[in-house]
Amino acid sequence: MKFKDELFSPYIFLIGFIIFCLIGLMGKNYFSDYYKSGISFHTVSYILLISLAFIVGSKINLNIKENYLAGIILVLVVFFTFKRFEYYSIVLSLLALMILIMIKKNYFSIYYKEIYVLGLLLCFLNILILGKLPLLNPEIRELALTPLFVLGYSFVLVSNNFGILKSKYPYYLIFPILSLLLFVLYGFRTYIILIIISTMITFYQVGNKQKTLYFGLAGSIITIALGYLTVLLLPQNWKLNPFELLWYRVAFTFDVFDKICNAIGFKLFGNYSLLTETTTGYIISQEILNYSHNITSTIFGPPIFDGGLIEVMIFTLFTSISLFKLYKRTTDNKVLIPYYGLILSIFLVSIEISPYPLILLLIPLSIYISSLNLSSEQL
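Scoring rules and cut-offs
- Residues numbered from 1 in each chain as written.
- Predicted model: local features only at pLDDT ≥ 70, side-chain atom pairs only at ≥ 80, totals over all residues.
- Heavy atoms only, no water.
- Buried < 20%, exposed > 50% of the residue type's maximum accessible area, 1.4 Å probe, protein only.
- Helix = DSSP H or I, 4+ residues; strand = E, 2+ residues; numbered from the N terminus.
- Arc of directions from axis to C-beta.
- Contact = heavy atoms within 4.5 Å.
- Salt bridge = Lys/Arg side-chain N within 4 Å of Asp/Glu carboxyl O.
- Phe/Tyr/Trp six-rings, centres within 6.5 Å; stacked < 30°, edge-to-face > 60°.
- Axes fitted to C-alpha atoms, helices over the stretch in contact; angles between N-to-C directions.
- Parallel < 35°, antiparallel > 145°, perpendicular 65-115°, else oblique.
- Nonpolar A, V, L, I, M, F, W, Y, C, P; charged D, E, K, R; others polar.

A. Geometry of helix α12 (residues 281–288). Here α12 has its buried residues at G281, I284, S285 and I288. All buried residues of α12 project into a common sector of 100 degrees when viewed along the axis, lining one side. Buried residues in α12 make contact with α11 (242–264) and α13 (301–330). A positive backbone phi angle near 65 degrees is found at N290, which sits one or two residues after α12.

Below, the structure is given as structure tokens:
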């Protein structure tokens, strides 16, 4: 198979991480007033080891019974969220169980229109309850991240991809266009980028390569425009233009990753305290930068900080195993493409945003979806 036919294979995650590091390294040199230029030996070593683990994982086919995987997911949901939500984490695990049942029963494929509309309604209801539009009020955006919004955007993201897979032209364009408009109203660039990448992957995997390019260009224009609007609305007085601000953020995230690698060195084990946290940025910031702020440190920064070589190698290995297993299943069952498009897009966005340890839930979820024999008769 030619490279162009495997553009969105799991290797794009590894390539994306390496490119992110290179852009961050160049950013450190460009913003020399803010950062010390260069890269530590430990960071280079970790990047090489992560690359090696990912390549090794691509060759491993792991088979686990779906019931065990479902149990692992539910236990992890409680384990990762209990410290913050206490016994409400059990409710979150029940919600996870509901989604697993919906996946197994193929409900997302059969009722994708209804689920999509439900997701939109939940997200709009969340805005009504807030009483303000997050796009025009950046200070309330964190308040907008309610369980109602989380459930709503989850339904939107999954059913968006099924709409692309199952609807005919031009009707399938309704799904990504409405999804983009919804997330623009919230002003969350992360979710906008997520829907753009997820839609592009789904278009590409079903053979609409031209639509992949068009939607990518349109999405990029919207993201840049939103960046300008955000800079205008934020209370801070930035000296940087929106493009420089984006590059500065990449440089900052990479600089934190570099500092973590250098501070931890080649330590084999850690205290694994981050595994019980839903937000790790504040802890890493306090330890690495000596002040408390919710920072990003790439997807690999937290596992290196938390458990050194062993944790990041295990994390990378199983990430690779899970992504490649699901990717290979999409070649003989197209109904899995929407799930793959969404999961891969989350990993790609997570290169920067560092949603550890919640990102770990996608590993057993990917293997779980790969283990199902979902019907594709209606496609």
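From this point on, the discussion continues.
B. Representation of the pattern of salt bridges within the structure. Scanning the entire structure with this criterion turns up seven salt bridges. Here E66 ties to K104 by a salt bridge, and the two come within 2.7 Å at their closest N and O atoms. In this pair, E66 sits in helix α3 (residues 66–85) while K104 sits in helix α4 (residues 88–104), placing the two residues 38 residues apart along the sequence. By relative accessible area, which is 21% here, E66 ends up partly exposed. Overall, K104 belongs to the partly exposed group, its relative accessible area being 42%. Between R329 and D332 there is a salt bridge whose closest N-O contact spans 3.5 Å. Because the salt bridges share partners, they merge into one network encompassing K28, D255, D258 and K259.

C. Seen up close, the packing of aromatic side chains. Under the defined criterion, the tally for this structure stands at 36 aromatic pairs. Between F13 and F300, the ring centres sit 6.0 Å apart and the planes meet at 50 degrees, which makes this aromatic pair tilted. In this pair, F13 sits in helix α1 (residues 11–30) while F300 sits in the loop between α12 and α13, placing the two residues 287 residues apart along the sequence. Accessibility classification places F13 together with F300 in one group, the buried group. Here the aromatic rings of F41 and F266 are separated by 6.1 Å at their centres, their planes lie at 85 degrees, and the arrangement is edge-to-face. Remark: F266 occurs in the loop between α11 and α12 and F41 occurs in helix α2 (residues 41–57); sequence separation between them is 225 residues.

D. Structural view of the packing of α1 against α11. The contact between α1 and α11 brings their axes to 7 Å, and the two run at 105 degrees. If you check the angle between α1 and α11, you find them roughly perpendicular. Note on element contacts: α11 touches α1 through E244, W247, V250, A251, T253, F254, D255, F257 and D258, opposite F17, F20, C21, I23, G24, L25, M26, G27, K28 and Y30. When the residues that make up the contact of α1 with α11 are grouped by side-chain class, the tally is twelve nonpolar, three polar and four charged.

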